[in-house]
Amino acid sequence: MRVNLFTKNLVFLILFFAGCLTISANAQNRQLTFDDIMKFEEIGDPVISDSAGWVAYSVWPDRGDGRVVIKSVDSTQYYEITRGEDPKITPYGVWVGVRIKPPLKERLNVKNGKEPKPGVSFLHTRSGRIISYDSVRSFTFSNDGQWAALQKFGTDSTENKKPENDYLGTELKLLSLMGDTAYSIPNVSEFAFDSTSAYLAYSVVDTSGEENGLYYRNLSSPQQGNTIKQLTDGYFNNLTWNDKHKKLGFTASTLDDSNKPGPATLSVWSAKEGLQQLVDDSAARDGWTLRSTNELKWTTDGKRLFFGFLPEEMVEVMDNGETDSTGVNSVYSMEAILKNTAVDVWHWDDPRIKPHEKETWKERKKELYQAVYHFESDEWIQLADHRMPEVEFTNSPKYTLGSSDIPYLKEMTWNGFFDDYYVVDLQTGERKRVARKLRFGAQISPGGRYIVFFEDRQWHLYDVGKEICHNLTEQLDNPFFNEDHDYPYPEPGYGIAGWLKGDRALLIYDKYDVWQFPTDGTKPMLLTGGVGREEERVFRIQDLTPDSPYFKPGEQVLLESYHDKKKNDGFYTAQIDSSGVVQRFEEAKRFNVITKARKSPRILYTSESYTEYPNLWISSGIEFTETERISALNLDVTKKYDWGTAELVEWNSLDGDPMQGVLIKPGNYQEGQRYPLLIYYYRSFSDRLHEFNVPRNNHRPVFAQYASDGYAVFLPDIRFEVGTPGFAATKSLVPGVQELVDRGIADPDGLGLHGHSWSGYQTAFIVTKTDIFDAAVAGAPVSNMTSAYSGIRWESGLARQFQYEQYQSRIGGSLWEYPELYIENSPVFYADRIETPLLIQFGDEDGAVPWYQGIELYLAMRRLQKDAIFLQYRGEPHHLKEYPNKLDYAIKMKQYFDHYLKGEEAPDWITKGVPYRGE
C-alpha cells in the first residue's frame, strides 16, 4: 500500500500509533542527553613538529574546561596541560607552548569588568617539566626553538581605564629555553625574532616618552639591549625581518600631544650595514602620506620591500573625527545646533549604499595602497591608487596583478561582485588592463609571466610579455564549468590547483579530474588520466608544501579522492608531467589532511564516519603504506549511546531526477518498525554520509541525540531551479520522505521538518505546499521576498537585491521584472494554506536575514489562527552565540518535536506561551 504524502491518510494514525509507543520502550543503550552534549569533548588546534616526532592538540567540551594533549609519535610519552589551548611546538619537538584559559567559573563570574587573563605554559617534552606565566597576551618561539618571547598584559590600573597613550608598551619576557633564564624588558609595544634566531628586535613606548625607541638583543649575548634608534615620543612598528639577509624593515613616527602617530619614515636595519632610511613621508606624492598604519612584506630574494601609502584625506578624517562644539556661546546659534545633527544622506548615485559605507568604513579608512622599494636601484614606486586600489604582493621581479571594483560598486547592489584586472610593471608602476568586469577573479603566475582567468565557461591565459590572450579550453569537449550550477548567474569554473616551476604549465580542475596545461600553447594533458570522470571520483590535489609557489617537474603529488556517488574518500597519487593515478588508501570513510611535517614525509590527517569520531592519524608518507591512530577520543560512543547508523538513500524527484540523501537509523532500530522522522537539510547533504556529527548545543539538531531517542534522521539533497526555488525544494524533498515511508521506516504521522536560514526559508515554503509534516522548525527564514528584496544585510551593510536576483534565492531578475515570482516564492502569501504546527526562531540582531521576516509570518499565522510559535532571542545574531540561548533553543526544539512527532506531553511554553515579566 502506497502512502500519498501530499494528502494525509488517516489509516496510518491507527496502524502505526502502537509502533510509535514502542520506540522508547525498546531502547538498549543510553540516550544522548543535553548534559552529555555539554560534556562531549572535541579535538582542536592539531599541530605536528617539523620532524614529526610530536603531536599536540586541544581537547575541549562543548561547555566547561578542557586541556592540551602532547603525545610522542614514536614512543609512549604523553602529557596533558589543564585548560590549555592553541599549542605551538618548536621545530624539533623539544618544547610545546600552550595558552592557558582561566577556569570557566572565573570567566562566567566577571566582577567590576575585570575579566580574568589567560596565561602560558611551556612544557619540556623530554622531562615533562613545565614553566608557567600568568597574564600573558601572546607568545612566540624563535625558529631554532631555543627562545620564547611572551608579551604580558598591562596592569589592572592601566587596563581598566582608558590610557592616555593607546600605544604604551607592556613587559616582555625573553625566555632562554635551553638555559632557564628569563630577561624582563619593560614597555615593549612590538617585537619580532629574525628567521635565523640571531636577534630579537623590539620597540619601546613608555609613559614619559623618553625611552621610546627601537632596540635589539643579540641572542648569543642577550643580557643587554642595543639601540637601533632612540627618539623622544617616537613610535616604531611594523617590525618585519627579511629571512635571507637578516635585515629588519620598520616604520618610525612621532607621537603628538594627543599620542597619535604622525607622518612616518620607512627604514631598514642590519647589524652588518647599520640603519638606512628608505622613504620619508615628505617624498610621497600629493594626496598621499606614509603612516605607521602599514604592512611590510619582503620578497624572498630580499631585493624588494612592499609597503603602503594612505590617502591624506583619510588621515585627516581619522585625526579630526571628533567634532568640537566649544566656543559657540549662543543657544540660538544655528552652527552650534547643527553640529549635533545625526543624519545620513542616501544619494541615488552613491557608489556604496550608506549601510555598506558604514560597515566598511573602519577598513577603508586604513586601506593601504601598495608601493614597492627596489634596493638595487634605490628607488620606490607607487603601484596602487584610487582608480586601481588593489595590487597583489609578488616575488616576481617584473610584474604583478592589480584590480579594481570601483566601476562596479553601484552595480554590486543588485548584480554581485566584479573587478577589472591589470598587469602592473613593478619597475615603472605602469599598468595595462587585461580583463574587464570579471566575476570570478584572476590569478598571476608565480613568475609573473601569465595571468589566468575564467569567463564564458572557458579558461583564458594572458601572456604578459607578448600581450596575447588565448582560450585554453575551447578546443576540448570536456566541460570546465560547474556542471551542477543552479543559480541565475553564469557558471563558475572548478578552480586552479597550481603552477609548475618556471611558469611553464598550470594545473586546472574540472568536476572530477586534474589537467596540466602548458603555457606555450601545446596540447594539454589529463594528469589524472580520466579516471575521475570514468569512476565519478572527484580528485583534488592536497598542498603539502604551502611555502612553495609551484610544483616541480616529476613531483609526486597527493590527491584526495571523493566518490561522487558512494560519498567516501580515498588517497591517490599522481606525477607531474605524467598521466595516470595510483590508488594508495581508500575506505568507506571521510578523510581530512591537516598538514605534512616540514622535515618528514609523515602526514597528519583525520579519519571519520558517522559512528567514528574524527581522531588524528599519521601516515608514513603520501603512499599511506603505514598508518597509525594518534588520538583516542570518543572511541566508545556507539557502545555508550544508541548512536544509530547511517546509510545512503536514493529516490527520484517529482521531475524524475535521481536524488540522494543520508538516512540515520535509530540506535535501537528494528526491521519492520516505523519511527518518527526528523528531516534536516540545506542543499547537498548526501556528502555527510561518512561525517561524524559532533554533538554541540546550537541551532542545529544533534543527529545522534535524536537517533538515540528513537528518531530516524533524514538528510536529503535538494536540487534547485531558477525562478522557483521553493517549489524545487518541495519536488526534491517530499518524494525522498515518501521513499522512507514506502520502505516502512518512517512513521507518516511523525514527520518533522527542520531548517535554518536558507533551509529555514525552504521549510516555511514547503509547509504551504503540503500538509504531510506534523511539525516544522524554521530558523531565521525569509517569509516575504517582496519586503526582503530591498532590505539590508546589516552584518555586511550590503543590499539584499543581488542575493535574490543572482545568488541563493535564484529568482533571476528584479522585483518589478518578476513580481509574480517574488510572490509565488513567498510563504507569507500562502499562510492560509499552512496546516503544520510551525516554530519560528530568530535573533533580533540578525545581520543576514531581517528578523521582521519572522514577525511577518508569525503575524499572518496568528491572524489565521494557525499553530505558530515565535522564539525571539534578544541581542542575538543569525546564529545564536550566547550559550544559555543555544541550550534553550536546542531544548525547545527537541521538546517541540517530541510533542508533535512522538505524542509526549507538551511543556507550558507550547500550550500556554510565556508571559512577559521584564528583563
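As the structure is a prediction and not an experimental result, all values here were calculated from the model.

Sorry, what's going on with a negative patch on the surface here?
The grouping of Glu210, Glu211, Asp233, Asp256 and Asp257 at the surface amounts to a negative patch. With respect to the element layout, Asp257 can be found in the loop between strand 17 (247-254) and strand 18 (265-270).

Help me understand the packing of helix 13 (residues 725-742) against helix 14 (residues 758-769) in this model?
Think of two packed helices as two axes; the pair is described by the angle between the axes and how far apart they sit. Packing of helix 13 against helix 14 brings their axes to within 9 Å, and their N-to-C directions diverge by 75°. One way to sum up the angle between helix 13 and helix 14 is to call them roughly perpendicular. Residues Pro725, Gly726, Phe727, Ala729, Thr730 and Leu733 of helix 13 touch helix 14, and the partners they reach there are Trp758, Tyr761, Gln762, Phe765, Ile766 and Lys769. Across the contact of helix 13 with helix 14, the residue classes tally to eight nonpolar, three polar and one charged.

Explanation requested: the pattern of salt bridges in the structure shown.
On inspection of all chains with the given rule, the structure shows 51 salt bridges. Of the charged contacts in the structure, one is a salt bridge between Arg602 and Asp74, with a shortest N-O distance of 2.7 Å. Residue Arg602 is located in the loop between strand 41 (590-596) and strand 42 (603-609), and its partner Asp74 is located in the loop between strand 3 (67-72) and strand 4 (78-82); the two are separated by 528 residues in the primary sequence. Taking relative accessible area as the criterion, Arg602 reaches 22% and is therefore assigned partly exposed. A relative accessible area of 56% places Asp74 in the exposed class. Note that Asp709 and Lys902 form a salt bridge whose closest N and O atoms lie 3.2 Å from each other. Linking Asp709 in the loop between helix 12 (703-707) and strand 48 (712-716) with Lys902 in helix 19 (residues 883-902), this pair joins segments that are 193 residues apart in sequence. Residue Asp709 shares its accessibility class with Lys902, and that shared class is buried. Among the ionic contacts, a cluster of salt bridges with common partners joins Asp484, Lys511, Glu536, Asp564 and Lys565.

Teacher, can you tell me more about the sheet that holds strand 4 here?
Strand pairs in the sheet, formed through backbone hydrogen bonds, run parallel or antiparallel to each other. Here four strands make up an open sheet; going across it, the order is 1-2-3-4 and the pairing antiparallel. In the strand order of this sheet, the two ends are held by strand 1 (41-48) and strand 4, each with one partner. Neighbouring strand axes in the sheet, compared pairwise and without regard to direction, differ in orientation by 20° on average.

It is not clear to me how the pairing of strand 39 (residues 569-575) should be interpreted in this structure. Could you clarify?
Regular strands have side chains that alternate between both faces of the sheet. Of all seven residues making up strand 39, six are buried, and the element is well covered by its neighbours. Note: strand 38 (residues 556-563) against strand 39, seven bridges, orientation antiparallel. Pairing of Tyr562 across the sheet is with Asp569, part of strand 39. Hairpin connection between strand 38 and strand 39: a loop of five residues separates the two successive antiparallel strands, and Lys567 in this loop has a positive phi of roughly 70°. As paired strands, strand 39 and strand 40 (residues 581-586) are joined by five bridges and run antiparallel to one another.

Sorry, what's going on with the environment of Ser282 here?
One can find Ser282 in the loop between strand 19 (274-280) and strand 20 (288-289). A residue is classified by how much of its surface remains accessible, and Ser282, at 62% relative accessible area, is exposed. Taking the C-alpha atoms as reference points, Ser282 and Thr265, 17 residues apart in sequence, are found 8.9 Å from one another.

What's the story with the confidence of the model for the protein chain in this structure? I'm lost.
The predicted coordinates ought not to be read in detail in places where the model reports low pLDDT. Scored by pLDDT, the protein chain comes out at a mean of 93, with 95% of its residues at no less than 70. Under a pLDDT of 50 for its full length, residues 322-327 has, in the predicted model, two contacts with residues more than four places off or in other chains.

Criteria and cut-off values
- All residue numbers here refer to positions counted from 1 along the written sequence of the relevant chain.
- Where totals are concerned, whole chains, interfaces and linings use all residues; where local detail is concerned, this predicted model gives features only for residues with pLDDT of at least 70, and gives and counts side-chain atom pairs only at 80 or more.
- For side-chain calculations, the full set of non-hydrogen atoms in the structure is used, while hydrogens and water are omitted.
- Here the term patch refers to residues with relative accessible area over 30% and no salt bridge, with like charges joined within 9 Å and nonpolar side chains (Val, Leu, Ile, Met, Phe, Trp, Tyr) within 5 Å.
- Each accessible area value is a Shrake-Rupley result obtained with a 1.4 Å probe; residue values ignore everything except the protein chains displayed when judging cover.
- Here, a salt bridge means any Lys or Arg side-chain nitrogen found within 4 Å of an Asp or Glu carboxyl oxygen.
- For the purpose of charge, His is not counted, nor are the chain termini; Lys and Arg are scored as positive and Asp and Glu as negative.
- By convention, the point assigned to a charge is CZ for Arg, NZ for Lys, CD for Glu and CG for Asp.
- Numbered from the N terminus, helices here are DSSP runs of H or I no shorter than four residues, and strands are runs of E no shorter than two.
- Only the contacting stretch of a helix is used when fitting its axis, a line to C-alpha atoms as for every element, and angles between N-to-C directions run 0 to 180 degrees.
- Angles are sorted into four bins: roughly parallel if under 35 degrees, roughly antiparallel if over 145, roughly perpendicular if 65 to 115, and oblique for all others.
- The contact criterion used is simple: two residues touch if any of their non-hydrogen atoms lie within 4.5 Å.
- Gly falls in the polar group here, along with every residue not listed as nonpolar (Ala, Val, Leu, Ile, Met, Phe, Trp, Tyr, Cys, Pro) or charged (Asp, Glu, Lys, Arg).
- Remark: exposure states derive from per-residue accessible area (1.4 Å probe, protein chains only) relative to the maximum for the residue type, with buried under 20%, exposed over 50%, and partly exposed in between.
- Think of it this way: DSSP has to see at least two bridges between two strands before they count as a pair.
- Per residue, pLDDT captures the predictor's confidence, and it can take any value from 0 to 100.

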